[in-house]
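Commentary on secondary and tertiary structure
Given next are the chains, with one letter for each unit.
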Amino acid sequence: MSHSHDGAVLELHDVGVRYGDREALRNVTFSVRAGELIGVIGPNGAGKSTLFKAICGLVNHSGEVDVNGVHCHDRVDRMDVAYIPQRSEADLLFPITVGELVMAGRRRFRSWHQRTTAADRAAAIEALAAVNLSGYEARSLSELSGGQLQRAYIARALTQEASVVLLDEALSGVDQPTTIELFDLFATLSKSGTTFLFATHDLALARHRFDRLIAVNGTIQGDGSPEQVLAPAVLDSTFGSGASSSQGGG
Ligand code: ADP
């Protein structure tokens, strides 16, 4: 059975995820073209992270996820999708440098026992330059600001040549100038073909920063331009009557 459309980098067909008895997502179907910058909106607990985990194969799901036309079960590695989580305690504690993080993206291109090559190092240098972190190789992740950390993860997505980059509430705690800088970077990279899905519950960000929004709460509640998806009927079905109280929660 094929659902592929020409030019789709990512296709979901009737995707569902259960955690035990709890159905976190059902009947999720959408298609994404290369270079799209998409905001995925919904309140806390709506299933945004679960959606991203299904796309990169971190949770079991029903239905189909195709990346570059390759069915989920046939993908040899999952590094065609990069998942960038919220800043977590792990980033602060794990003693890894920016250079090591970015070099880890090259692992898919060699077997475990092979050493890094000059080409790997060149790719790492190029990726760090693309995110404006040249010279940061020796810094520990714990020394980075929130915006720098996101850029380091994006550099890793570049070295692993991910087609799709999933950013999960990635700007929590990042200030306004840094947010603007990061969206400028997403715009530049999306023009050269990288596809971004960005989960957020920040509706001001959603309104101004994306060409397309997908509203999620248990299933797809809306998919279209910001005007279409931020219309009251879609917001009500997505955020419900508890919207105002759940928005600030982080
Ligand atoms: P969001 O990212 O939009 O905040 P999540 O995808 O994290 O939403 O969660 C969707 C639903 O699934 C929530 O009800 C959450 O409690 C539940 N959930 C998420 N992860 C797990 C898990 N590992 N085990 C059980 N329930 C989970």
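So, how was this worked out
- What you see as residue numbers is a count from 1 along each chain, following the sequence as written.
- Confidence filtering applies because this is a predicted model: local features only for residues at pLDDT of at least 70, side-chain atom pairs given and counted only at 80 or more, and all residues used for totals across whole chains, interfaces and linings.
- With hydrogens and water stripped out, all remaining heavy atoms of the structure feed into the side-chain values.
- Two strands qualify as a pair provided DSSP detects at least 2 bridges between them.
- Here a strand is any run of E in DSSP of at least two residues, a helix any run of H or I of at least four, and the numbering for each starts at the N terminus.
- In what follows, a contact means two residues having at least one pair of non-hydrogen atoms within 4.5 Å.
- Think of each axis as a best-fit line through the C-alpha atoms, taken over the contacting stretch in the case of a helix, with angles from 0 to 180 degrees between the N-to-C directions.
- Residues are counted as near a molecule or strand when any one of their heavy atoms sits within 4 Å of it.
- By the criterion applied in these results, polar contacts are pairs of N or O atoms within 3.5 Å in which, for protein atoms, one can donate a hydrogen and the other can accept it, and in which residues neighboring in sequence qualify only through two side-chain atoms.
- Accessible surface is estimated by sampling points in the Shrake-Rupley manner with a 1.4 Å probe; for residues, cover comes only from the protein chains shown.
- Any angle that is under 35 degrees is reported as roughly parallel, and any over 145 degrees as roughly antiparallel; angles of 65 to 115 degrees are reported as roughly perpendicular and all others as oblique.
- Each crossing gets its handedness from the near helix: less than a right angle anticlockwise from the far helix is left-handed, clockwise is right-handed.
- Here the nonpolar core consists of buried residues drawn from Ala, Val, Leu, Ile, Met, Phe, Trp, Tyr and Cys, with membership extended through side-chain atoms lying within 4.5 Å.
- Whether a residue is buried, partly exposed or exposed follows from its accessible area with a 1.4 Å probe, protein chains only, as a fraction of its type maximum: under 20%, in between, or over 50%, in that order.
- Domain ranges listed in this record stem from an automatic or a database domain assignment.
- As a per-residue measure, pLDDT tells how confident the predictor is, with possible values from 0 to 100.

Looking at the sheet that holds strand β4 (residues 62-67)
- Spatially, four strands are ordered β2-β1-β4-β5 in an open sheet, and the strand pairing comes out antiparallel. Looking at which strands have only one partner, the edges of the open sheet turn out to be β2 (22-33) and β5 (70-71).
- Relative to β5, β4 is paired through two bridges, and the arrangement is antiparallel. Pairing of Asp-66 across the sheet is with His-71, part of β5.
- Along the sheet, helix α1 (residues 48-55) makes contact with β1 (8-19), β2 and β4, crossing β1 at roughly 120 degrees.

What about the site of the ligand?
- Around the ligand, a shell composed of Tyr-19, Arg-22, Ala-24, Pro-43, Asn-44, Gly-45, Ala-46, Gly-47, Lys-48, Ser-49 and Thr-50 is seen.
- Here an oxygen atom of the ligand sits 3.1 Å away from a polar atom, N or O, in the main chain of Ala-46.
- A distance of 2.8 Å separates an oxygen atom of the ligand from a polar atom in the backbone of Ser-49.
- Relative to its free-state accessible area of 560 Å², the ligand is covered by the protein chains to the extent of 61%.

So, the packing of helix α4 (residues 118-130) against helix α5 (residues 146-159)
- Across the interface, α4 lies against α5 with an axial gap of 8 Å and an inter-helix angle of 135 degrees. With respect to α5, the axis of α4 lies oblique. In this structure, α4 crosses over α5, and the sense of that crossing is right-handed. Contact with α4, carried on its side by Ala-123, Ala-124, Ala-127, Leu-128 and Ala-130, involves Ala-155, Leu-158 and Thr-159 of α5 and no other residues of that element.

Focus: the nonpolar core
- Ile-41, Val-98, Leu-141, Ile-154, Leu-167, Phe-186 and Phe-198 are the most contacted members of the largest nonpolar core, which has 44 residues in total.
- Per-domain counts for this core show at least three residues from each of domain 1 (7-80 + 163-242) and domain 2 (90-162).
- When neighbours within four sequence positions are excluded, Leu-167 is seen to be in contact with Phe-52, Ile-84, Gln-150, Ile-154, Phe-186, Phe-196, Leu-197, Phe-198 and Ala-199.

Points about the confidence of the model for the protein
- Overall, the prediction assigns the protein a mean pLDDT of 87, with 90% of residues at 70 or greater.
- Predicted confidence for residues 1-5 stays below pLDDT 50, and this span has seven contacts to residues more than four positions away or in other chains.
- Here residues 244-250 is modelled with pLDDT under 50, and outside its nearest four sequence neighbours on either side it reaches eight contacts, counting other chains as well.

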